[in-house]
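Tertiary structure, described
Chain by chain, the residues run as shown.
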Amino acid sequence: MRILVVDDSRAMRSLVCRALKAAGYEQLREAGNGAEALQSIDAQPVDFVLTDWNMPEMDGLALVKALQARPAVKVGMVTSECTAEMISTARAAGARFVVNKPFTPEALKQALEQAIAS
């Protein structure tokens, strides 16, 4: 499973990657915003994208919408934007799940495994 972690915070990307590695995922890449993520995916495809919501240049919601044109790529959000309305908006745009920051590695693992299985 090739996973791209997208967040403008290097520390948060590192935290997410550590949680994914602990869950057994090894093929990980990182991007600092949605625009970088799309460039990275164009250069080397991925199976799953985990993105934050608030980022410069291209935010996570715009990235989720852009990835609808690439149905082979599944998307989940790891964000502090977790009001019921925002979760509904993210899911309607194509996010398979929204995990609230701060998150536990187990919560992220469970959400990812359920999204992969569906």
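The structure under discussion appears in the preceding block.
These remarks concern the structure in this document. (Residues numbered from 1 in each chain as written. Predicted model: local features only at pLDDT ≥ 70, side-chain atom pairs only at ≥ 80, totals over all residues. Heavy atoms only, no water.)

This part is about helix 1 (residues 10-22). The end-to-end C-alpha distance of helix 1, which contains 13 residues, comes to 18 Å, matching closely the 18 Å that a straight helix rising 1.5 Å per residue would cover. Taken as a whole, helix 1 has its buried residues at Met12, Arg13, Val16, Cys17, Ala19 and Leu20. Viewed along the axis of helix 1, the buried residues span an arc of 160°, placing them on a single side of the element. Turned more than 90 degrees from where helix 1 packs its buried face, Arg10, Ala11, Arg18 and Ala22 sit exposed. Contacts from the buried residues of helix 1 go to strand 1 (2-6), strand 2 (27-31), strand 3 (48-51), strand 4 (74-79) and helix 5 (105-117). (Helix = DSSP H or I, 4+ residues; strand = E, 2+ residues; numbered from the N terminus. Expected span 1.5 Å × (residues − 1). Buried < 20%, exposed > 50% of the residue type's maximum accessible area, 1.4 Å probe, protein only. Arc of directions from axis to C-beta. Contact = heavy atoms within 4.5 Å.)

A word on the nonpolar core. Grouped together as the largest cluster of nonpolar side chains are 22 residues, with contacts concentrated most on Leu4, Val6, Val49, Leu63, Leu67 and Met77. Of all the secondary-structure elements, those providing two or more residues to this core are strand 1, helix 2 (34-43), helix 3 (60-66), strand 4 and helix 4 (84-93). (Core = buried A, V, L, I, M, F, W, Y, C linked by side-chain atoms within 4.5 Å.)

This paragraph deals with the packing of aromatic side chains. All told, the structure shown has one aromatic pair when counted by the stated rule. Judged by centre distance (5.9 Å) and plane angle (20°), the ring pair of Phe48 and Phe97 falls under stacked. Of the two residues, Phe48 sits in strand 3 while Phe97 sits in the loop between helix 4 and strand 5 (98-100), which places them 49 residues apart along the sequence. Residue class for Phe48 comes out buried when judged on its relative accessible area of 0%. (Phe/Tyr/Trp six-rings, centres within 6.5 Å; stacked < 30°, edge-to-face > 60°.)

This part is about the sheet that holds strand 3. Within the open sheet, the five strands sit side by side as 2-1-3-4-5. Their pairing is parallel. Bordering the open sheet on either side are strand 2 and strand 5, each of which pairs with just one other strand. This sheet shows a mean twist of 20° between the axes of neighbouring strands, independent of strand direction. With three bridges connecting them, strand 4 and strand 5 associate as parallel partners. In the sheet register, Met77 faces strand 5, and the bridge partner there is Val98. Seen against the sheet, helix 1 touches strand 1, strand 2, strand 3 and strand 4 and runs at an angle of roughly 170° to strand 2. The strands touched by helix 2 are strand 1, strand 2 and strand 3; relative to strand 1, the strand with the most contacts, the crossing angle is about 160°. (Pairing = 2+ DSSP bridges. Axes fitted to C-alpha atoms, helices over the stretch in contact; angles between N-to-C directions.)

Side chains carrying opposite charge are able to pair once their charged atoms draw close together. For the coordinates displayed, the defined rule picks out five salt bridges. Its salt-bridge partner being Asp47, residue Arg2 comes within 3.0 Å of it at the nearest N-O pair. In this pair, Arg2 sits in strand 1 while Asp47 sits in the loop between helix 2 and strand 3, placing the two residues 45 residues apart along the sequence. On the basis of relative accessibility, which here comes to 24%, the residue Asp47 falls in the partly exposed class. A single salt-bridge network, built from bridges that share partners, covers Asp7, Asp52 and Lys101. (Salt bridge = Lys/Arg side-chain N within 4 Å of Asp/Glu carboxyl O.)

Its place among the elements puts Asp7 in the loop between strand 1 and helix 1. On the basis of relative accessible area, Asp7 is assigned to the buried category, the value being 5%. Only 2.8 Å separates the side chain of Asp7 from the side chain of Lys101, close enough to count as a polar contact. Dropping the residues within four chain positions of it, Asp7 is found in contact with Met12, Arg13, Ala31, Gly32, Asp52, Met55 and Lys101. (Polar contact = N/O pair within 3.5 Å; in protein donor to acceptor, adjacent residues only side chain to side chain.)

By themselves, these figures tell us nothing about what the structure is for.
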